[in-house]
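Notes for the structure review
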Amino acid sequence: MQGVEHDPAAILAAYRARRRRRGMILLGMVALGIAAFLLDISTGPSPLRLWDVLLGLFQPDQLSAPEQTIIRQVRLPYALMALLVGAALSLAGAEMQTILNNPLASPFTLGVSSAASFGAALAIVSGISLPFVPADWMVPLNAFIAAFASVLLLEALARSRAAGMEGVVLFGIALVFTFNALVALLQFVASQEALSQLVFWTMGSLGRSTWGGLATLAVVLAVVLPFSWRAADAMTALRLGEDRARSFGIDVRRLRLFSLLRISALAATAVAFVGTIGFIGLVGPHIARMLLGEDHRFLLPASLLTGAVIMALASVLSKVLVPGVLLPVGIVTSMIGVPVFLLLILKKPTRV
Amino acid sequence: MSDTLEIDGLGAAYGGKPVIDGLSLAPFVPGSVTSLIGPNAAGKTTLLRALAGLHPAKGAVRLGGRDLLALPLADHARYVTYMPQSLPQRVALSVLEGVAGALRASPVDGPALSDAALMGRALEVIELVGIGHKALAGLDHLSGGQRQLASLAQALARSPRVLLLDEPISALDLYYQLRVMKLVQRLARERGMMVIMVLHDLAIAARWSDRVVVLAEGRVMADGRPAEAISAGVLAEVYKVRGRVEQDGADLRIAIDDILP
């Protein structure tokens, strides 16, 4: 009703307070990320104290040689990879959910990860190489191409009126099944050595974290992030509806195209080095949205952070769930992902 | 500003088939409210979207002599804003963030605004449409009528010269129908905006517009003041219903009796 008592200055002040609160939440996530990271390093077959971990990172000479090796050569790359993979997948998921206008979209649920695995499997089994490409880059490169192609397919479908959003989800599920079947076929015809490499792809693992892979993913993230940030306002407007966003002057086609480039770069690179990891790309953005709403200037950084935290915690769990055994982290994310996902579905609508 | 809007030989297709073809209309005048009425599939939404630059079209749409269709979308959007029938469901944005989003999407005329100034301007528009007390509420938590006012606030924030409303009141209760219509008419006059709105309710079209354009099967069947454009002949020919239209002082009384065989 008109004339309800309210004070514009108070409303603006309340908005600023809300914005500050969101900033605090983001800072809290950063702190949580650091804590999870340190916990990840201290967890493993030989448990280390937090103090040793800090020494190992900043003053390694104070530790014994074996402890130095464990922290710096073994656990540090794992833990860093966990953060980066989680961040990359979650950011990709956030952009996918907005660009494809589908809350169920993620690199995993819509088959992008499966396509990447197929691309990687093809490279592994066929052993082909391109003239100017170093042999150990063929696998990630193939994974990237396959992932990009699948994202383009999804986008073309989302744009065609016939399919609708349900069509996109169904098509994504079809992609998952198709590519998984193709990977199984490749496993069947693969040689022994290729087979063991292939199986790795079906359960994402941080075990192969190399400094090269880490550096590559870090570079991809560093390149993608500024562009992602610049598109934040356009993505927020896109949430209000495509016709509306276009009428506000946003080139939605261009927005989608570049977003898809970012999504495939992030998802494909992440998967290329650690294999298929499920649920992070789906759950990370949802948690971020529940806490901070859909202003993408907050949602995108928050998705990055939630993804990183969840992966770090999953990495910890992968080490402690079965004593003495390092579970592939992809198995852990799937196991905790299902109940978390159900919880999300059952919860009340998001707060702003 | 005394720029008029001219539609000259506009043509647009849908699914390969032409929906409107060679459509021309007498100039629209700033401060005027025009209703676009007609049966379903007449091409009303296609026409509106073509005017907004959202649907590929041939022909010319001139605002003050400048052909909008020849402009890139970002420039077209400075003059024309299209308001779809409804906001999407499940959007975790507040009313204020929605309007701020409209302002941030692309530059509107005037100097670039700081964040604080932008939020202040957004709140002004929200107050203007009368839901200031709901500025911080989530779009999901509003009633249907309030959502439509929030939607209108987003469009108005961009200060368009031409405001295109696609069935703005179809899903609203009587109170909000009238509230939206009053607001639209008042703001058109105050801001010198040209409003073109697709409506289904003939009585509302007659009461709240200066001009009525009747569209059927992609052709203009009538165009003029409500009393001229809405007639028993139009009811029969376009809507296939039998009815009576009488001028009663300032009001137009429309009575529908039966469908025609």
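Report on the accompanying structure. (Residues numbered from 1 in each chain as written. Chains lettered and ligands numbered in written order. Predicted model: local features only at pLDDT ≥ 70, side-chain atom pairs only at ≥ 80, totals over all residues. Heavy atoms only, no water.)

**Some points on the overall build of chain B**
When its secondary structure is counted, chain B shows nine helices and twelve strands. For a compact globule of 261 residues, the expected C-alpha radius of gyration is about 18 Å, and chain B comes in at 19 Å, within 12% of that figure. Each principal axis of the C-alpha distribution contributes one length, and for chain B these read about 60 × 40 × 35 Å. Sequence-distant contacts in chain B: of pairs separated by 6 or more residues, those separated by 24 or more amount to 65%. Total accessible area computed for chain B in this model is approximately 10600 Å², and 52% of it derives from carbon and sulfur atoms. Charge separation in chain B, taken as the distance between the mean sites of 27 positive and 27 negative side-chain charges, equals 2 Å. (Helix = DSSP H or I, 4+ residues; strand = E, 2+ residues; numbered from the N terminus. Rg over C-alpha atoms; globule rule 2.2 N^0.38 Å. Contact = heavy atoms within 4.5 Å. Areas by Shrake-Rupley, 256 points an atom, 1.4 Å probe, with all protein chains shown as cover. Lys, Arg positive; Asp, Glu negative; His and termini not counted. Charge placed at Lys NZ, Arg CZ, Asp CG, Glu CD.)

**Digging into the overall build of chain A**
From N to C terminus, chain A includes 14 helices and zero strands. Listing each helix as α and each strand as β along chain A from the N terminus yields α-α-α-α-α-α-α-α-α-α-α-α-α-α. Computed over the C-alpha atoms, the radius of gyration of chain A is 21 Å, within 12% of the 20 Å expected from 2.2 N^0.38 for a compact globule of 352 residues. Oriented by its inertia axes, the alpha-carbon framework of chain A measures out at about 75 × 50 × 40 Å. With 352 residues in all, chain A has 53% of them scored as buried. Considering only residue pairs separated by 6 or more positions, chain A has 73% of its internal contacts joining residues 24 or more positions apart. In the structure as shown, chain A presents an accessible area of about 15700 Å², 70% of it carried by carbon and sulfur atoms. The averaged location of the 17 negative side-chain charges in chain A is 5 Å from the averaged location of its 26 positive side-chain charges. (Buried < 20%, exposed > 50% of the residue type's maximum accessible area, 1.4 Å probe, protein only.)

**What about the nonpolar core?**
The biggest cluster of nonpolar side chains holds 164 residues, and the ones touching the most others in it are L152(B) and V195(B). The element contributing the most residues to this core is helix α3 (residues 65-99) of chain A, with 15 residues. Contact partners of V195(B), with chain neighbours within four places excluded, come to S32(B), V33(B), T34(B), L163(B), L165(B), V184(B) and A188(B). Residues I7(B), I20(B), A52(B) and V213(B) belong to the second largest nonpolar core, which totals 29 residues. (Core = buried A, V, L, I, M, F, W, Y, C linked by side-chain atoms within 4.5 Å.)

**Regarding helix α1 (residues 8-42) of chain A**
With 35 residues, α1(A) extends 51 Å between its outermost C-alpha atoms, agreeing within 8% with the 51 Å of an ideal straight helix rising 1.5 Å per residue. The positive-phi residue at the C-terminal boundary of α1(A) is G44(A), with phi of around 155°. (Expected span 1.5 Å × (residues − 1).)

**Quick look at the sheet that holds strand β3 (residues 33-37) of chain B**
Residue and element names in this part refer to chain B. Taking strand neighbours across the sheet as the criterion, the six strands line up as β6-β7-β8-β3-β9-β10 in an open arrangement whose pairing is mixed. In this open sheet, the two edge strands, each paired with only one partner strand, are β6 (80-83) and β10 (219-224). Adjacent strand axes in the sheet meet at a mean angle of 15° when their direction is disregarded. Of the strand pairs in this sheet, β6 and strand β7 (residues 162-166) are connected by four bridges, and their pairing is parallel. Paired with Y82 across the bridge in β7 is L164. Seen against the sheet, helix α1 (residues 44-51) touches β3, β6, β7, β8 (194-198) and β9 (211-216) and runs at an angle of roughly 150° to β7. Strand contacts of helix α5 (residues 144-157): β6 and β7, with the helix running at about 165° to β6, the strand carrying the most contacts. (Pairing = 2+ DSSP bridges. Axes fitted to C-alpha atoms, helices over the stretch in contact; angles between N-to-C directions.)

**What about unusual backbone geometry?**
The bulk of non-glycine residues show a negative phi, and the bulk of peptide bonds are trans. Residues and elements named next belong to chain B. The backbone of E217 shows a phi angle near 50°, a positive value even though the residue is not glycine. Looking at the element boundaries, E217 is found in the loop between β9 and β10. The backbone of K240 sits at a positive phi, close to 55°, despite the residue not being glycine. Looking at the secondary structure, you find K240 in the loop between α9 (232-239) and β11 (241-248).

**Here's the deal with the packing of α3(A) against helix α13 (residues 296-320) of chain A**
Residues and elements named next belong to chain A. Two elements in contact, α3 and α13, have axes separated by 7 Å at closest approach and are oriented at 140°. In terms of their interaxial angle, α3 and α13 are classed as oblique. Both α3 and α13 take part in a crossing whose hand is right-handed. On α13, the residues touching R75, A82, L83, V85, G86, A87, S90, L91, A94, E95 and T98 of α3 are H296, L300, S303, L304, T306, G307, A308, M311, A312, S315 and K319. (Parallel < 35°, antiparallel > 145°, perpendicular 65-115°, else oblique. Left-handed = near helix turned anticlockwise from the far one by under 90°.)

**Topic: the sheet that holds strand β5 (residues 66-67) of chain B**
Two modes of strand pairing occur in sheets, parallel and antiparallel, and in both the strands are linked by backbone hydrogen bonds. Residues and elements named next belong to chain B. Read across the sheet, four strands follow the order β2-β1-β4-β5 without closing on themselves; strand pairing throughout is antiparallel. Whereas interior strands pair on both sides, the edge strands pair on one side only; in this sheet they are β2 (17-28) and β5. Pairing of strand β1 (residues 5-14) with strand β4 (residues 58-63), which is carried by five bridges, proceeds in the antiparallel orientation. The residue bridging G11 from the neighbouring strand is K58, located in β4. Relative to the sheet, α1 contacts β1, β2 and β4, its axis offset from that of β1 by approximately 120°.

**Considering the packing of aromatic side chains**
Scanning the model with the defined rule gives four aromatic pairs over all chains in all. Aromatic pair F108(A) and F279(A): ring centres 6.3 Å apart, planes at 35°, arrangement tilted. Of this pair, F108(A) sits in the loop between α3 and α4 (112-126) while F279(A) sits in the loop between α11 (252-274) and α12 (280-292), placing them 171 residues apart in sequence. Overall, the relative accessible area of 27% leaves F108(A) in the partly exposed class. Ring centres of Y175(B) and Y176(B) lie 5.0 Å apart, and the angle between their planes is 80°; on these two criteria the pair is classed as edge-to-face. Classification of Y175(B) as partly exposed rests on a relative accessible area of 39%. The ring of F28(B) has R211(B) sitting right over it, with the charged end atom 4.2 Å from the ring centre. (Phe/Tyr/Trp six-rings, centres within 6.5 Å; stacked < 30°, edge-to-face > 60°. Lys NZ or Arg CZ within 6 Å of the ring centre and 35° of its normal.)

**Overview of the environment of D258(B)**
All names here are of chain B. The topology assignment puts D258 in strand β12 (residues 251-259). For D258, a relative accessible area of 39% gives the class partly exposed. Measuring from C-alpha to C-alpha, the distance between D258 and K240 comes to 9.1 Å, with 18 residues separating the pair along the chain. Sequence-distant contacts of D258, that is, excluding residues within four places in its chain, are made with V241 and R242.

**Some words on the interface of chain A and chain B**
Of the residues lining the interface, 33 residues belong to chain A; the matching set on chain B comes to 47 residues. Broken down residue by residue, the surface that chain A buries against chain B is led by L240(A), R244(A) and F248(A), which jointly contribute 20%. Linking chain A with chain B are four salt bridges. The partner of D115(B) in a salt bridge is R297(A), and the shortest N-O contact between them spans 3.7 Å. Our count for the chain A to chain B interface comes out at 13 residue pairs in polar contact (both at pLDDT 80 or more). Secondary-structure elements contributing two or more residues to the side of chain A that touches chain B are α1, α9 (232-238) and α10 (242-247) of chain A. Element by element, the count of residues in the side of chain A that touches chain B is highest for α1(A), at eight residues. (Buried area = accessible area lost by both parts, 1.4 Å probe. Salt bridge = Lys/Arg side-chain N within 4 Å of Asp/Glu carboxyl O. Polar contact = N/O pair within 3.5 Å; in protein donor to acceptor, adjacent residues only side chain to side chain.)

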